[in-house]
Amino acid sequence: MDYDILILGGGIIGCAVAYELSKYNLNIALIEKDYDVADDISFINTAVIYDGSETSDDFMAKLENTGRNLIEKACKKFNVPYKKTGALRIASKNNQKNKLDIMYNIAKKRGIDGVHIIENDDEAIQKIEPNLNIKIDKALYSENIAVISPYDLAISYAEVAADNGVNFRLEELVIDIKNISNGFKVTTNKNKFSCKVVINTIDNEIVEDKLECNYKNMNYILFENKMENKLNTILIDDIDDSTFIINNPLISEGNLIGIKSDHMLTLEEGIDMAKNIFPQARKEFVSNIFNEVCDKDIIVIDDSNFDKGYIKVTGNHYGKITMAPAIAVMIKDKLKHSLNVTRKKDYIDKRRDVYRFNDMSNEERNEIISLDKRYGNIVCSCNNVSEGEIVDCIRRPLGARTVEGVKRRTGVGLGTCNGSYCNIKIIKILAREMNKNILDIVEDSKDSNILSSRIKEFREM
Ligand SMILES: Cc1cc2nc3c(=O)[nH]c(=O)nc-3n(C[C@H](O)[C@H](O)[C@H](O)COP(=O)(O)OP(=O)(O)OC[C@H]3O[C@@H](n4cnc5c(N)ncnc54)[C@H](O)[C@@H]3O)c2cc1C
């Protein structure tokens, strides 16, 4: 099996690279070990799209600022929700206030427009965030910052790439990469491939930097939509050099408060910290909590073996989603020149339409139900998701094959009931569409079966 290019890993980076390269006359495959692409992106449906004004590293800033512009265009093209919220950075502890000026000056030096210092101007702050209930005498405001649904973006890149000929090889684990005379031999648990170029995105650990890593906990508290006067702007409070609190307004309403600290916080500790920026935070509005470990924020695009045909994208960064399309374009430009490739004449830069029942007018709903009555059968009453949408997400290119895949694509089961009413319905639809036994339907990966056995034999289940 010969390819021009093998992309290893189907995270947001792999999907964005596949999308960029699918525009050219190249024979490409992407190898991913899981059942689905972009499976490692956090389940919460919001990612912040940064503008390069918050990082001290000039190269990361450039990737963020370029990536932000590309993401805004891609979201428009693929109909992915993109909410420009703006971001207010405050320093409730006085010792961090000079940091705001430093960041402002760096942003100016980098030529990032739309970044302002606001000082002793309650009216300006109120205009940006009318629901802010704390006194702020100084803030750094960036108009550019937005939130998106990262999984939606990744799946859009992948679907368009697949429609334009990229071969997505899911459930294949890369076990060996060998340099051969005119390229590489890549061995998976199922196949052996040869190719001219390998783009490796599977290994995010920068080994040589490991000892310097200062691992931190990112504690997340998800507040549901019922709260009054919730904040609609991203708000960041730098408490000290290694602790901050961030409010992320979600794409689907509700708020996610993230607290970076040196240990895992209890819910009570987290809520106390959240009150710094959001005094109305209360336990009864919390719908979920989770914790992630962050490490050194650095991305390396290692092209030191480019003459042999090998590029590796490695490292972790809180803005890696923002950077993904910029990294993909850099890789495409490099390959375009060295492989001397031509653009496809029949390239289709469009994602197949997705119909979201929740976002439709009654007129549109009646129209789609008259074409397919499954759009009139609501499976998830929290988020108003219909059977028609679930069937479509399974039947699309790179369709969902797991319960989590269906949830991520449609939002089914992600409402306040956390899927307690609709999980079994999703399982049944997946089994029917894939012609499988319901006992074989998995949550997200191999062996994550949900139903273990029947307890009684009925004629139907
Ligand atoms: C808590 C947290 C919050 C974040 N928030 C934001 C944000 O607000 N904004 C933002 O821009 N970014 C954010 N990020 C960054 C971002 O979510 C991730 O860094 C990004 O999704 C990583 O993408 P990736 O493609 O590099 O890696 P991955 O998603 O890890 O992709 C690598 C893929 O390779 C596959 N793989 C691994 N080994 C093999 C193998 N041997 N064979 C085949 N396949 C293999 C994996 O299954 C995986 O799918 C956040 C990150 C974290 C941790």
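Given the structure is predicted, the values throughout are model-derived calculations rather than measurements.

1. Let's talk about the pattern of salt bridges
Then, in step 1: Throughout the structure, instances matching the rule amount to 33 salt bridges.
Then, in step 2: Between aspartate 36 and arginine 409 there is a salt bridge whose closest N-O contact spans 2.8 Å. Residue aspartate 36 is found in the loop between strand E2 (28-31) and strand E3 (47-49), and its partner arginine 409 is found in helix H10 (residues 403-410); the two are separated by 373 residues along the sequence. Grouping residues by exposure puts aspartate 36 and arginine 409 together as buried.
Then, in step 3: Through salt bridges with shared partners, a single ionic network connects Glu20, Lys23, Lys332 and Asp333.

2. Details of the environment of glycine 309
Then, in step 1: The topology assignment puts glycine 309 in the loop between strand E18 (300-302) and strand E19 (310-314).
Then, in step 2: The exposure class assigned to glycine 309 is buried, which follows from its relative accessible area of 8%.
Then, in step 3: For glycine 309, the residues in contact, after removing those within four places along its chain, are Phe184, Lys196, Val197 and Val198.

3. Re the pairing of E2
Then, in step 1: Of the two faces of E2, the one lined by Ile28 and Leu30 and the one lined by Ala29 and Ile31 are each fully buried.
Then, in step 2: Inspection of the sheet shows strand E1 (residues 2-8) paired to E2 by four bridges, in the parallel sense. The residue of E2 that forms the bridge with leucine 8 is isoleucine 31.
Then, in step 3: Following the chain from E1 across helix H1 (residues 12-21) to the adjacent parallel E2, one finds a crossover that is right-handed.
Then, in step 4: Pairing geometry for E2 and strand E9 (residues 167-169), over three bridges, is parallel. Bridging from a neighbouring strand, leucine 30 pairs with phenylalanine 168 of E9.

4. Observations concerning empty space enclosed by the protein
Then, in step 1: The full count for this structure, using the stated rule, is two cavities of 30 Å³ or more.
Then, in step 2: Here the largest cavity defines a volume of roughly 120 Å³.
Then, in step 3: Surrounding the largest cavity, 16 residues form its lining, Ser53, Glu54, Ala87, Arg89 and Ile236 being those nearest its centre.
Then, in step 4: Classifying every residue of the lining of the largest cavity gives 11 nonpolar, two polar and three charged.
Then, in step 5: Shared between two domains, the lining of the largest cavity takes at least three residues from each, and those domains are domain 1 (1-86 + 144-212 + 295-352) and domain 2 (87-143 + 214-294).
Then, in step 6: Considering only enclosed or pocket space, the second largest cavity measures out at about 100 Å³ in volume.

5. Here we look at the UniProt feature "domain: BFD-like [2Fe-2S]-binding" (unreviewed entry) in the protein chain
Then, in step 1: The UniProt entry lists residues 378-431 under the feature "domain: BFD-like [2Fe-2S]-binding" (unreviewed entry), expressed in the numbering used here.
Then, in step 2: As a span, residues 378-431 carries 48% helix and 9% strand, and end to end its C-alpha atoms are 18 Å apart.

6. Let's talk about the site of the ligand
Then, in step 1: By nearness alone, 28 residues border the ligand, and Glu32, Val48, Tyr318, Lys320 and Thr322 come closest of all.
Then, in step 2: One of the backbone N or O atoms of isoleucine 13 is found 3.1 Å from an oxygen atom in the ligand.
Then, in step 3: Backbone polar atom of valine 48 to an oxygen atom of the ligand: 2.8 Å apart, as the coordinates give it.
Then, in step 4: Here the ligand, which alone exposes 1000 Å², has 85% of that area covered by the protein.
Then, in step 5: Mapped by element, the contributors of at least two residues to the shell around the ligand are H1, E3 and helix H7 (320-339).

7. Looking at the side chain of lysine 138
Then, in step 1: Along the chain, lysine 138 falls in strand E7 (residues 138-142).
Then, in step 2: Within polar-contact distance, the side chain of lysine 138 engages the side chain of aspartate 101 at 2.7 Å.
Then, in step 3: Excluding anything up to four places from it in sequence, lysine 138 contacts Arg89, Ile90, Ala91, Lys97, Leu100, Asp101, Ile117, Ile118 and Glu119.

8. Quick look at the domain arrangement of the protein chain
Then, in step 1: Domains assigned within the protein chain are domain 1 (1-86 + 144-212 + 295-352), domain 2 (87-143 + 214-294) and domain 3 (357-440).
Then, in step 2: Computed over C-alpha atoms only, the centres of domain 2 and domain 3 are separated by 34 Å.

9. Some words on the environment of lysine 216
Then, in step 1: Along the chain, the position of lysine 216 falls in strand E13 (residues 216-223).
Then, in step 2: Using a relative accessible area of 9% as the deciding quantity, one classes lysine 216 as buried.
Then, in step 3: Separated by 45 residues in sequence, lysine 216 and serine 261 have C-alpha atoms that sit 6.0 Å apart.
Then, in step 4: Apart from residues no more than four positions distant in its own chain, lysine 216 is found in contact with Ser242, Lys260, Ser261, Asp262, Glu292, Val293 and Cys294.

10. Some remarks on the packing of aromatic side chains
Then, in step 1: Applying the stated criterion to the full structure yields eight aromatic pairs.
Then, in step 2: Summarising the aromatic geometry, the rings of tyrosine 3 and phenylalanine 193 are spaced 6.0 Å apart at their centres and angled 55° between planes, so their arrangement reads as tilted. Of the two residues, tyrosine 3 is situated in strand E1 and phenylalanine 193 in strand E12 (residues 192-200); the sequence distance between them amounts to 190 residues. The exposure classification of tyrosine 3 matches that of phenylalanine 193, with both residues buried.
Then, in step 3: An angle of 85° between the planes, with centres 6.2 Å apart, marks the rings of phenylalanine 78 and tyrosine 157 as edge-to-face. With phenylalanine 78 in helix H2 (residues 58-78) and tyrosine 157 in helix H5 (residues 150-163), the pair connects residues that are 79 residues apart, well separated along the chain.
Then, in step 4: We classify tyrosine 157 as buried; its relative accessible area is 3%.
Then, in step 5: Aromatic rings pair up to connect Tyr19, Phe78 and Tyr157 into one cluster.
Then, in step 6: Sitting over the face of the ring of phenylalanine 306, lysine 334 holds its NZ or CZ atom 4.7 Å from the ring centroid.
Then, in step 7: The ring of phenylalanine 357 has arginine 365 lying over it, and the distance from NZ or CZ to the ring centre is 4.6 Å.

About the criteria used
- Residues numbered from 1 in each chain as written.
- Predicted model: local features only at pLDDT ≥ 70, side-chain atom pairs only at ≥ 80, totals over all residues.
- Heavy atoms only, no water.
- Salt bridge = Lys/Arg side-chain N within 4 Å of Asp/Glu carboxyl O.
- Helix = DSSP H or I, 4+ residues; strand = E, 2+ residues; numbered from the N terminus.
- Buried < 20%, exposed > 50% of the residue type's maximum accessible area, 1.4 Å probe, protein only.
- Contact = heavy atoms within 4.5 Å.
- Pairing = 2+ DSSP bridges.
- Right-handed = clockwise from strand over helix to strand, strands pointing away.
- 1 Å grid on protein atoms, 1.4 Å probe; cavity = no way out; pocket = protein on both sides within 12 Å on 5 of 7 lines; lining within 4 Å.
- Points joined across faces, edges and corners; volume = space filled by probe spheres on them.
- Nonpolar A, V, L, I, M, F, W, Y, C, P; charged D, E, K, R; others polar.
- Domains from an automatic or database assignment.
- UniProt positions renumbered as here; feature names shortened; annotations may be inferred.
- Near = heavy atom within 4 Å.
- Polar contact = N/O pair within 3.5 Å; in protein donor to acceptor, adjacent residues only side chain to side chain.
- Areas by Shrake-Rupley, 256 points an atom, 1.4 Å probe, with all protein chains shown as cover.
- Phe/Tyr/Trp six-rings, centres within 6.5 Å; stacked < 30°, edge-to-face > 60°.
- Lys NZ or Arg CZ within 6 Å of the ring centre and 35° of its normal.

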